Amino acid sequence: MTLALETSDLKVQLRLSDGWFTVCDLSALGSGRGVAALLPDGRQVALFRDRSDRLYAIDNRDPFTGAAVLSRGLTGTHQGRPFVASPLLKQRFDLASGACLDDASARVTAYEVRAS
């Protein structure tokens, strides 16, 4: 038996400096889980879709270790703010702003993201 991936007409797009960049089908994002994608300039982005179908995108590189692992982190909320915890040292990053909830001196880039 062969299973076909579900596809959608909706595409996940990020706003980059030169306009909107299509990353993947919306159906590629599972609820509460992250996916990594490669941007045209070689950077990686971590995409997330929460249980309310809101989309988030942040840099995939953990600023504490330099490893591209944030897409593999655990998601949750703290004081009503969505976050991802790095799978390595467990620092939490706000998915909306990119701010580190555990160290105010650190942050990752947060991207405007949409499904269209």
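These remarks concern the structure in this document. (Residues numbered from 1 in each chain as written. Predicted model: local features only at pLDDT ≥ 70, side-chain atom pairs only at ≥ 80, totals over all residues. Heavy atoms only, no water.)

## Some thoughts on the sheet that holds strand 10 (residues 113-115)
Reasoning step 1: The 3 strands lie next to each other as 2-1-10, forming an open sheet whose pairing is antiparallel. Of all strands in the sheet, those with a lone pairing partner are strand 2 (19-25) and strand 10, marking the two edges. Between one strand and the next, the sheet's axes are offset by a mean angle of 30°, whatever the strand orientation.
Reasoning step 2: Strand direction decides the pairing type here: strand 1 (residues 11-16) and strand 2, joined by 6 bridges, are antiparallel. Along strand 2, the bridge assignment pairs leucine 14 with phenylalanine 21. (Pairing = 2+ DSSP bridges. Helix = DSSP H or I, 4+ residues; strand = E, 2+ residues; numbered from the N terminus. Axes fitted to C-alpha atoms, helices over the stretch in contact; angles between N-to-C directions.)

## Thoughts on the nonpolar core
Reasoning step 1: One finds Val12, Leu14, Val45, Leu47, Ala57 and Tyr111 to be the most contacted residues of the largest nonpolar core, which totals 15 residues.
Reasoning step 2: When residues of this core are traced back to their parent elements, those giving at least two are strand 1, strand 2, strand 4 (44-49) and strand 5 (55-59).
Reasoning step 3: Counting residues per element, this core draws most heavily on strand 1, which supplies 3 residues.
Reasoning step 4: With residues up to four places along the chain from it excluded, the contact list for leucine 14 reads Gly19, Trp20, Phe21, Val23, Leu39, Val45, Leu47, Ala57, Tyr111, Glu112 and Val113.
Reasoning step 5: Within the second largest apolar cluster, 11 residues are counted, among which are Ile58, Val84, Leu95 and Ala106. (Core = buried A, V, L, I, M, F, W, Y, C linked by side-chain atoms within 4.5 Å. Buried < 20%, exposed > 50% of the residue type's maximum accessible area, 1.4 Å probe, protein only. Contact = heavy atoms within 4.5 Å.)

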